[in-house]
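# Residue-level structural notes
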Amino acid sequence: MSSVPRRWLGSLACLALWASTCLLVACASSAPDPEPIVIGLVTKTEENPFFVTLREAAEDLTQELRFELRSYSGEYDGDNESQVQAIEALVDEGAQAILLTPSDPVALVDSVARARRAGLLVIALDTPFARPDQVDATIATDNYRAGQLVGRWARARLGVDAARAGLVTLDLSAEQITVDVQRHQGMLSGFGIEIGDSERKYDERDPRVLGAGATAGSLDGGRREMLRLARKLPVIRLVYAINEPAARGAREALEQLGRANDILIVTIDGSCSGVADVAAGRIGATAAQDPVRMVRLALETALAHLRTGSSPHISPDTDFVDSGVTLVTDEPVAGLPSIVTSEALERCWGD
């Protein structure tokens, strides 16, 4: 997997992208488009509030940015066939660009290549492809850094107990999917566990890592895998979950077993319901993404390219733009920047 660089483009380059795309869109706005620009949005699922927010934010921008949106979604996280069909439908419908959150980038390489050969611009959101050149650009959270943030927080929060604390990971899938790998390996690295390969999960040899489960990023998956792991592993001190729905399911399972007060949970997302879980003490910390900024950046980049013919590539060195991540907790630790839940609730997204 991956030549996707670990150290992403800095904030100055991101601001330059924002300024340049806004300028291009503004210059183009003086003359009406001869016909509507059609942009497709293909998300993983409508069950996760992150992807719902992406769609709703794109819908809200149709009038401001002057384009027509066609939205598709998989029935569940991992529904690659529905995403393949959506890409094919957008090509047939005459779309000029596709914003894609791939369930499994490897499974979509051929479909994306066919769309690009047909002349469509393809921008990956949320989940990078193994190689940056498999799409025209990638705009996403730096998921490795997000994992590191919650891992560093958990290590500081546990203090001396971190050296012997048993932990389990509630991942997206047993497969090596980029977003899943990056969050998992980032979290372990932040917690102080030596990882063999930053781009492949489950290669660590630290005895503190007691087990893992594949949750499909869902509440039911988090509950099921937490019950399975907790019943066979009596000594667990820390749970990392791929996202807030899985973390919520894990918390429900631990409450059912009477162990919720003994185990710390960390996760990644930043939804309003997830931040509320942090505020209530059900989750210790979350790393908050910014899906609204993510989709705006992608749309402005796509429209600038389509209206002017400018390249969508971000720079000669990288095709990745980090849309931002912020640690959220009501138990801050020294040396690790974070915001409290009252502030996070003012900028959160979803239900």
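Residues numbered from 1 in each chain as written. Predicted model: local features only at pLDDT ≥ 70, side-chain atom pairs only at ≥ 80, totals over all residues. Heavy atoms only, no water.

Right, let's talk about the state of the cysteines for a bit. In total, this model carries one disulfide according to the counting rule given. Bridging C272 to C348, the disulfide has an S-S length of 2.0 Å. Linking C272 and C348, the disulfide has an S-S dihedral of approximately 90° and is accordingly described as right-handed. Placement of C272 in helix α10 (residues 272-279) and of C348 in the segment after α12 (341-344) is noted, with a sequence separation of 76 residues between them. (Disulfide = S-S within 2.5 Å. Helix = DSSP H or I, 4+ residues; strand = E, 2+ residues; numbered from the N terminus.)

Strands in a sheet are paired, the pairing made by backbone hydrogen bonds, and the direction either parallel or antiparallel. With mixed pairing, the six strands of this open sheet are ordered in space as β7-β6-β8-β9-β10-β12. Among the strands making up the open sheet, the edge pair consists of β7 (209-214) and β12 (326-328). Taking the axes of each pair of neighbouring strands and ignoring which way they run, one obtains an average angle of 15° across the sheet. Here strand β9 (residues 264-269) pairs with strand β10 (residues 285-288) via four bridges, running parallel. Bridge assignment links T267 to a residue of β10, and that residue is T286. Packed on one face of the sheet, helix α6 (residues 143-158) meets β8 (238-241), β9, β10 and β12 and runs near 160° to β9. (Pairing = 2+ DSSP bridges. Axes fitted to C-alpha atoms, helices over the stretch in contact; angles between N-to-C directions. Contact = heavy atoms within 4.5 Å.)

Turning our attention to the packing of helix α8 (residues 219-232) against helix α9 (residues 244-257). Close contact between α8 and α9 brings their axes to 7 Å; oriented N to C, the two are set at 45°. Relative to α9, the element α8 lies oblique. Judged by the sense of rotation from one axis to the other, the crossing of α8 with α9 is right-handed. Contacts between α8 and α9 involve L219, G222, R223, M226, L227, A230 and R231 from the first element and P245, A246, R248, G249, A250, E252, A253, L254, Q256 and L257 from the second. Taken together, the residues of the contact of α8 with α9 sort by class into 10 nonpolar, three polar and four charged. (Parallel < 35°, antiparallel > 145°, perpendicular 65-115°, else oblique. Left-handed = near helix turned anticlockwise from the far one by under 90°. Nonpolar A, V, L, I, M, F, W, Y, C, P; charged D, E, K, R; others polar.)

Before going further, it helps to spend a moment on the nonpolar core. Of all hydrophobic cores here, the largest spans 51 residues; its most connected members are W153, M187, F191, M226, L238, V239 and V266. Broken down by secondary-structure element, the contributors of at least two residues to this core are α6, β6 (167-171), α7 (178-191), α8, β8, α9, β9 and β10. By residue number, the principal contributor to this core is α6, which donates seven residues. Leaving out residues up to four positions away in the same chain, W153 has contacts with L264, V266, G284, A285, L327, T329, E331, V333 and L336. Among the nonpolar cores identified, the runner-up in size contains 28 residues, and L61, F67, L99 and L297 belong to it. (Core = buried A, V, L, I, M, F, W, Y, C linked by side-chain atoms within 4.5 Å. Buried < 20%, exposed > 50% of the residue type's maximum accessible area, 1.4 Å probe, protein only.)

Our next topic: the environment of F129. Along the polypeptide, F129 turns up in the loop between β4 (121-125) and β5 (137-140). Exposure remark for F129: the relative accessible area of 1% places this residue in the buried category. Considered as a pair, F129 and P105 are 24 residues apart in the sequence and their alpha carbons are 5.2 Å apart.

So, on to the side chain of D206. Along the chain, the position of D206 falls in the loop between α7 and β7. There is a polar contact of 2.8 Å between the side chain of D206 and the backbone nitrogen of R208. (Polar contact = N/O pair within 3.5 Å; in protein donor to acceptor, adjacent residues only side chain to side chain.)

This part takes up the confidence of the model for the protein. For the protein, the mean per-residue pLDDT works out to 89, and 88% of the residues sit at or above 70. A low-confidence stretch, residues 1-30 (pLDDT under 50), is modelled with 55 contacts involving residues beyond four sequence positions or located in other chains. (pLDDT = per-residue confidence, 0-100.)

The next point concerns the environment of G166. Mapped onto the elements of the fold, G166 is located in the loop between α6 and β6. Distance in space between the C-alpha atoms of G166 and L238 is 6.5 Å, their sequence separation being 72 residues. Among all residues touching G166, those that are not within four sequence positions of it are R208, L210, V235, I236, R237 and L238.

Enumeration over the complete set of coordinates arrives at 22 salt bridges. Between D136 and R116 there is a salt bridge whose closest N-O contact spans 3.0 Å. Placement of the pair is D136 in the loop between β4 and β5 and R116 in helix α5 (residues 105-117), with a sequence separation of 20 residues. Under the relative-accessibility criterion, D136 is labelled buried at 10%. The salt bridge partner of E252 is R223, with a shortest N-O separation of 2.7 Å. Note that E252 is positioned in helix α9 and R223 in helix α8, a separation of 29 residues in sequence. Given the relative accessible area of 31%, E252 is considered partly exposed. One salt-bridge network, held together by shared partners, links E46, R55 and E59. (Salt bridge = Lys/Arg side-chain N within 4 Å of Asp/Glu carboxyl O.)

We now examine the pairing of β6. Taken across its five residues, β6 has five buried, putting it largely inside the fold. With burial as the criterion, each face of β6 is covered, one bearing L167, T169 and D171 and the other bearing V168 and L170. With α7 bridging β6 and its parallel neighbour β7, the resulting β-α-β unit is right-handed. Sheet analysis places β6 next to β8, joined by four bridges and oriented parallel. (Right-handed = clockwise from strand over helix to strand, strands pointing away.)

Not every positive phi belongs to a glycine, and R66 is a case in point at roughly 60°. Tracing the sequence through the fold places R66 in the loop between α3 (62-65) and β2 (68-73). We note that A216 has phi near 60°; this positive angle belongs to a residue other than glycine. Within the secondary structure layout, A216 lies in the loop between β7 and α8.

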